[in-house]
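# Remarks on the overall topology
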Number of protein chains: 2
Amino acid sequence: MFEARLLQASLLKKILESIKDLVESANFDCSPEGISLQAMDGTHVTLINLVLRNEGFDTYNCDRSLSLGLSLVSLSKILKCAGNDDTLTIKARDNESDTVTFVFESPKNDRVSDFEIKLIDIKNEQYSIRKSDYSAVIKMPSAELQRICRDLSIIGEIVTISANKEGVKFSVSGDSGSGNITIKPTSDSDVPAEQATVIESKEPVVLNFALKFLSNFTKATPLSPMVTLSMSEGIPVVVEYKIEDLGFLGFFLAPKIE
Amino acid sequence: MFEARLLQASLLKKILESIKDLVESANFDCSPEGISLQAMDGTHVTLINLVLRNEGFDTYNCDRSLSLGLSLVSLSKILKCAGNDDTLTIKARDNESDTVTFVFESPKNDRVSDFEIKLIDIKNEQYSIRKSDYSAVIKMPSAELQRICRDLSIIGEIVTISANKEGVKFSVSGDSGSGNITIKPTSDSDVPAEQATVIESKEPVVLNFALKFLSNFTKATPLSPMVTLSMSEGIPVVVEYKIEDLGFLGFFLAPKIE
DNA sequence: GGGATATTCA
DNA sequence: TGAATATCCC
């Protein structure tokens, strides 16, 4: 028996909005510690790494680990049926059951909806997610990254991110011209630390990425006011959104080699 | 000579939006008491029952009864030409005339439009609308019914409505899974009576309906903040929207027999 | 009040 | 199928 109750169904809604266009289906790995999901897109360019720790749930009961394979499109459809302030309870029997139940309850408890989704058998690939000692780690407002990706997508398809101690430059060029957006670490001491842009740079890095994917990642913006980009030469960038109290949603994107 | 003046042309606009996809043409039966319309869809699954009482009109003159047969699609096209705050005057000569005139006037009276539509000869079938003593009568926010129909349409095509004193359950199942939405009577005394969900249940009922039609009925949502569902085993459900001061728009839908 | 999304019209 | 609009959410 697995049962996890989340006060804000909208959290999972936002998570699905930001991953459903990247991956068709994935296993939600439920263990006593929490729920996690790792999945790669069809072209194996991006990897999604979602971690939701048990402490972040209103209630969390998981006797033994189980993998819930779900169509992310179906799940996102069902989550659209949740009211904006509904709570969510996820219920699954055990490994033999072939469905999982999502229960939404309105704040006043005058409306309860439950949806059953069929489970899909997905072979559980283990992706090695190694903690690297990144050359550059940038913490910045997530809305700003979203805006940058949106703006640069108008110009071209590939963005060059150059980071050093002084700042981070996002460069793009296309048929109609080219553009650069540079952000600098926050110096204004009026800005609270949680909202400050911070660059930790061990050595300068320059990497190219497909804007299409980066833009897609920024759909997770509603999850967190801040985002971190971790980069090293030759390995995937990590774009990570903390999910308050619960965990985080990370996206890995392999750089384009010219 | 028939002449009826309505302060809000938008009311008739909303009425037509919610019925024009169900019935091609219908008779507007004008009598000294008001205007009424009964019509069935082509497949004889739904019946529309519209009542607009004379008191609700700004002015209302009708010497003797007459039936105005109109193409609802044409009428709805013409009503689209009305400004949002325009008043509407409906004018018809008598039974010999073959047109009816719709006059729109802007609030400041600086713009007057008039449209003439050809009358159609439609044989006036009398549908027996018997007031039944329903097993369950549910009054609920119309937006909530609309939301429920929209959400459940994502999952499947047939909804099972089960009503008893405790609540009303809308159930649906489809390829990807199944879902139930249950609403309970309002217990919160802070909610004004006009906005409260109320269930009058004589005996439990369980009925199946095609969601397609129910969803269509909910296009009438802009007419009223509340809607009532009246149900008894084996007879059509009535979905009724009160139209303030004027009357009501009711939809009858025969249940699906399994 | 601005952005995003859902619905409607062309 | 795309664009404009209306509604909802932030």
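One can find the structure itself at the top, above this paragraph.
Calculation notes
- Residues numbered from 1 in each chain as written.
- Chains lettered and ligands numbered in written order.
- Predicted model: local features only at pLDDT ≥ 70, side-chain atom pairs only at ≥ 80, totals over all residues.
- Heavy atoms only, no water.
- Axes fitted to C-alpha atoms, helices over the stretch in contact; angles between N-to-C directions.
- Helix = DSSP H or I, 4+ residues; strand = E, 2+ residues; numbered from the N terminus.
- Parallel < 35°, antiparallel > 145°, perpendicular 65-115°, else oblique.
- Left-handed = near helix turned anticlockwise from the far one by under 90°.
- Contact = heavy atoms within 4.5 Å.
- Nonpolar A, V, L, I, M, F, W, Y, C, P; charged D, E, K, R; others polar.
- 1 Å grid on protein atoms, 1.4 Å probe; cavity = no way out; pocket = protein on both sides within 12 Å on 5 of 7 lines; lining within 4 Å.
- Points joined across faces, edges and corners; volume = space filled by probe spheres on them.
- Domains from an automatic or database assignment.
- Salt bridge = Lys/Arg side-chain N within 4 Å of Asp/Glu carboxyl O.
- Polar contact = N/O pair within 3.5 Å; in protein donor to acceptor, adjacent residues only side chain to side chain.
- Pairing = 2+ DSSP bridges.

Before going further, it helps to spend a moment on the packing of helix α1 (residues 9–19) of chain B against helix α2 (residues 72–79) of chain B. All names here are of chain B. At a minimum axis separation of 9 Å, α1 and α2 run at an interaxial angle of 140 degrees. On the basis of the axis angle, α1 is oblique to α2. Considering how the two elements wind past one another, α1 and α2 form a crossing that is left-handed. Along its contact with α1, which presents Leu-12, Lys-13, Leu-16, Glu-17 and Ile-19, the element α2 presents Leu-72, Leu-75, Ser-76 and Leu-79. Class assignment for the residues of the contact of α1 with α2 results in six nonpolar, one polar and two charged.

Looking now at unusual backbone geometry. For Asn-109 of chain A, which is not a glycine, the phi torsion comes out positive at approximately 65 degrees. Tracing the backbone shows Asn-109 of chain A in the loop between β8 (99–105) and β9 (111–118). Residue Asp-245 of chain B is not a glycine yet carries a positive backbone phi of 70 degrees. As for its position among the elements, Asp-245 of chain B is in the loop between β17 (237–243) and β18 (247–253).

We now examine the layout of surface pockets. Residues and elements named next belong to chain A. Its volume calculated, the largest pocket comes out at about 540 Å³. Forming the boundary of the largest pocket are 24 residues, of which Leu-223, Lys-242, Ile-243, Glu-244 and Asp-245 lie nearest the centre. At the level of secondary structure, the elements contributing two or more residues to the lining of the largest pocket comprise α1 (9–19), β16 (226–231) and β17 (237–243). A per-class count over the lining of the largest pocket returns 11 nonpolar, five polar and eight charged. Here the lining of the largest pocket spans two domains, since at least three of its residues come from each of domain 1 (2–118) and domain 2 (136–253).

With that out of the way, let us pick up the interface of chain B and chain A. Taken together, the contact between chain B and chain A spans 20 residues of the former and 18 residues of the latter. For the interface between chain B and chain A, the tally reads two salt bridges. The salt bridge partner of Asp-151 of chain B is Arg-111 of chain A, with a shortest N-O separation of 3.9 Å. Scanning the region where chain B abuts chain A turns up eight residue pairs in polar contact (both at pLDDT 80 or more). Listed by contribution, the elements that provide at least two residues to the side of chain B that touches chain A are α3 (142–155) and β13 (177–183) of chain B. Of the residues that constitute the side of chain B that touches chain A, the class distribution is seven nonpolar, seven polar and six charged. Both β9 of chain A and β13 of chain B contribute to a ladder of seven bridges, which runs antiparallel. Directly across from Val-112 of chain A, in β13 of chain B, lies its bridge partner Thr-182 of chain B.

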